[in-house]
Amino acid sequence: MSGSGAQQPPGAGSDPAAAGKAAAGEPVPEPPPMLSVDVSGLVSQFARSFALIFPVYVLGYLGLSFSWILIALLGLFWLRRHRGGKSSRLGRALAFLQDEERVVRLSVSSAELPAWPLRINGVKVYTENVDKRQIILDLQISFVGNCEIDLEIKRYFCRAGVKSIQIHGTMRVILEPLIGDMPLIGALSIFFLRKPLLEINWTGLTNLLDVPGLNGLSDTIILDIISNYLVLPNRITVPLVSEVQIAQLRFPVPKGVLRIHFIEAQDLEGKDTYLKGMVKGKSDPYGIIRVGNQIFQSKVIKENLNPKWNEVYEALVYENPGQELEIELFDEDPDKDDFLGSLMIDLTEVEKERLLDEWFTLDEVSKGKLHLKLEWLTLMPTAENLDKVLSSIKADKDQANDGLSSALLILYLDSARNLPSGKKINSNPNPLVLLSVGHKAQESKIRYKTNEPVWEEHFTFFIHNPKRQDLEVEVKDEQHQCSLGNFKLPLSQLLASEDLTMHQRFQLNNSGPNSTINMKMALRVLSLEKPERSPDHQHSAQVKRPSVSKDSRKASFKPQVPVSPPADSHKPVPASPVTESDKKTDIAEKSHPPNASPQWPTDLNRSSSSLLASNVTYSPSHLSVKEPTPSIASDISLPIATQELRQRLRQLENGTTLGQSPLGQIQLTIRHSSQRNKLIVVVHSCRNLIAFSEEGSDPYVRMYLLPDKRRSGRRKTHVSKKTLNPVFDQTFDFSVSLPDVQKRTLDVAVKNSGGFLSKDKGLLGKLLIPLASEELTKGWTQWYDLTEDGTKPHVVT
């Protein structure tokens, strides 16, 4: 039989390889099982299904709503999301900690950065001519930002706010003293070298402040507030160690005093034109002098391209290096003053030379030069050279309170204790302190509703003769304008003190039994020292620094910069004799030919600092005050109004002899009312005044009770039109006690008003009346002669 009928094993015909292996006698593998079960996976799936279904069964069994299932699912979803977010934040924080810069660059693109962060455009670190125990940095900062500051007063339906603000300036950071222990720095001092540049865009009702004329006023007020805290000599000091180690930082002493002899200029440009520019004229030049935040303005010389000013100014230098002497010359015009040139002097080099008497070529103009004499005065803590200094400025032969300075008084007003109440019993006063030396007065800030005020303010006074002058201190209640106490300290006591310094609590007179004021004061003698030089020493030619170009000045940010000279510079001063140094200056002037050009090397000391842009100066068209600053030496030092009055007297004289009262007379009644605690002044009339124009004069009377020259302390009569014998009959009063008023001087000035925008304004005569009289309570009515400067008033019987 054939094998075809034989029975084959299952799958034999379908697997020839297996059949071959079987024929060869090899073992044949068993086929895989038909069904495989994952028991563990099945159990896990069953458990999950049971866990999902069982709650449904329970809910149905208990008869509960299906919404419980939804609540449980939402809770589970939130828990998982919260855990995921927490893990993600923790991961980002760890990554940020490991590589901060890379993470920031990856997470935030440059386009997403805001446009308003504070930027530091340049940093300068001083390594030369600085104390090795300190680190000085200058930061050129800029802040240009949008902001939303809104104020709404619903009662009056008005809104106000600020939309944007810009501030630019040079901020100095001083790290001192450097110590050997952590944190290595004793304190951090921050301040601006000068007022920063500020621009504010107002919104709402305050948008009226953007009107020309008002915008400068508003910005000036804000800048003054900033200056009271952050502009040199004010500063913010952050102590990092104990108070004992930084006590010296709370009593900053200037590095020196710069005496500026603003002498003359030559070959200036003629800016005045006539007949619509067809005829060229001359100029009416004047100068603006800046040393840091101190600004002085000279008088105007009419129609002169070779003006002679012969004025002297004294300025404090707190930071050197860092501060420069900046001078700009302008031609006075009715609309906008024309630029005549500028000059910038490095004070570091002036300190090295001590005395410079040179001609300087003006920058930014085609021609013109300026003659300056600069003296660097060192602050000496001893009185050894005081007699020599007094003799050099002729202060030893008269008792004048003004003129060139022989010393500097530095005063730190700390606090007061146990002040009496004001006029109301059991009410706390609003105390302020009035400090005065001669006719120079300064005021502290007001501290409200306290009888133990803390001021922590600094003051400086230029002293003419410390042997004969006194410091007068009066604490006043600003709310009720009454005195809370006073005392007088002869400066000769400071001369007898160790290091010319006193730090103690002073008992107040006419005050409470335990009323005291805490002050620290130091006197420093101003000495012109000669530098030690080798015989072959040559004069340093590196004192002049390049000024910023006029184009950059026009393109720069222009703020409203007020003229704010020191308080000492505002006061009119009497004439003082010409000093020996002035005589030498006159000789030096004669030695220069009129058209001699100064020989200056072309290699100027160009600064490599990135902060050069901070030295931008501004046109006087942005200055809020145009009155000149009184000089402090020679007969030219008198205020411009007094000079013009003397010139008018010389014109009136014209070869004839004037009478005993060439300026006329004024009739006053003066008495003190003890019941009202007021000084009462009645201005009756004037007679025989000088004619200010062909139509006569428009006189009025202005009064101050010196040394107070605040606007609130000014009294004025009405204006009498076109008369030389005006009748006023007006009564004025000053709130002052009898002991206090006997230390005061009544300053009376008769002035010509003129019309609106008229140039016919000026002084007609002046009168200074000392009130130290026993007859003040009874009073008197008298005629007084008017004089040019108010000195030596003659009583007409």
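Higher on the page you've got the structure.
(A) Summary view of a nonpolar patch on the surface. On the surface, Phe46, Phe50, Phe54, Tyr57, Tyr61, Leu62, Leu64, Trp68 and Ile71 cluster together into a nonpolar patch covering about 1,100 Å² of accessible area. Only α2 (39-62) and α3 (67-98) provide two or more residues apiece to the nonpolar patch. Of all the elements, α2 adds the most residues to the nonpolar patch, at 6 residues. Secondary-structure assignment places Phe54 in helix α2.

(B) View of the sheet that holds strand β32 (residues 762-770). Overall, antiparallel pairing links the 4 strands, which are arranged β29-β28-β31-β32 in an open sheet. A strand with exactly one partner marks an edge of an open sheet, and here the two such strands are β29 (715-716) and β32. Sheet topology places strand β31 (residues 745-752) next to β32; 8 bridges connect them, and they run antiparallel. Within β32, the residue paired with Ala749 across the bridge is Lys766.

(C) Layout of the packing of aromatic side chains. Applying the stated criterion across every chain yields a total of 6 aromatic pairs. Look at Phe46 and Phe50: their rings are 6.4 Å apart centre to centre, the planes differ by 25 degrees, and that puts the pair in the stacked class. You can see Phe46 and its partner Phe50 sitting in helix α2, 4 residues apart, about one turn around the helix. The class of Phe50 is partly exposed, set by a relative accessible area of 47%. It is Lys369 that lies over the ring of Trp359; its NZ or CZ is 5.9 Å from the centre. Above the plane of the ring of Trp783 lies Arg687, whose end atom (NZ or CZ) is 3.8 Å from the centre.

(D) Region of interest: the side chain of Ser720. Topologically, Ser720 is positioned in the loop between β29 and β30 (727-735). Its relative accessible area of 10% is what places Ser720 among the buried residues. Leave out the neighbours within four places in its chain, and Ser720 touches Ser697, Asp698, Pro699, Pro726, Val727 and Phe728.

(E) Highlighting unusual backbone geometry. Cis rather than trans, the peptide bond between Leu706 and Pro707 has omega equal to 10 degrees. Counting through the fold element by element, Pro707 comes out in the loop between β28 (699-706) and β29. Notably, Lys449 is not glycine yet its phi reads approximately 50 degrees, a positive angle. With respect to the helices and strands, Lys449 occurs in the loop between β19 (440-443) and β20 (454-463). Residue Lys449 is classed as exposed on the basis of its relative accessible area, which comes to 51%. Unusually for a residue other than glycine, Asn688 sits at a positive phi of about 60 degrees. If you trace the backbone, Asn688 turns up in the loop between β27 (678-687) and β28.

(F) Fine view of the environment of Gln469. Turning to its location among the elements, Gln469 is positioned in the loop between β20 and β21 (470-477). Once the C-alpha coordinates of Gln469 and Leu491 are considered, the two residues, 22 residues apart in sequence, prove to be 6.1 Å apart. Looking at Gln469, its side chain comes within polar contact range of the main-chain nitrogen of Asn465, at 2.9 Å.

(G) Looking closely at the side chain of Ser283. Inspection of the secondary structure puts Ser283 in the loop between β9 (279-280) and β10 (285-291). Looking at Ser283, its side chain comes within polar contact range of the main-chain oxygen of Glu269, at 2.7 Å. Discounting chain neighbours no more than four positions away, the residues touching Ser283 are Glu269, Gly270, Lys271, Asp272, Ile301, Lys302, Glu303, Asn304, Leu305, Asp331 and Leu340.

Thresholds, definitions, all that
Residues numbered from 1 in each chain as written. Predicted model: local features only at pLDDT ≥ 70, side-chain atom pairs only at ≥ 80, totals over all residues. Heavy atoms only, no water. Patch = residues over 30% accessible without salt bridge, like charges linked within 9 Å, V, L, I, M, F, W, Y side chains within 5 Å. Areas by Shrake-Rupley, 256 points an atom, 1.4 Å probe, with all protein chains shown as cover. Salt bridge = Lys/Arg side-chain N within 4 Å of Asp/Glu carboxyl O. Helix = DSSP H or I, 4+ residues; strand = E, 2+ residues; numbered from the N terminus. Pairing = 2+ DSSP bridges. Phe/Tyr/Trp six-rings, centres within 6.5 Å; stacked < 30°, edge-to-face > 60°. Buried < 20%, exposed > 50% of the residue type's maximum accessible area, 1.4 Å probe, protein only. Lys NZ or Arg CZ within 6 Å of the ring centre and 35° of its normal. Contact = heavy atoms within 4.5 Å. Polar contact = N/O pair within 3.5 Å; in protein donor to acceptor, adjacent residues only side chain to side chain.

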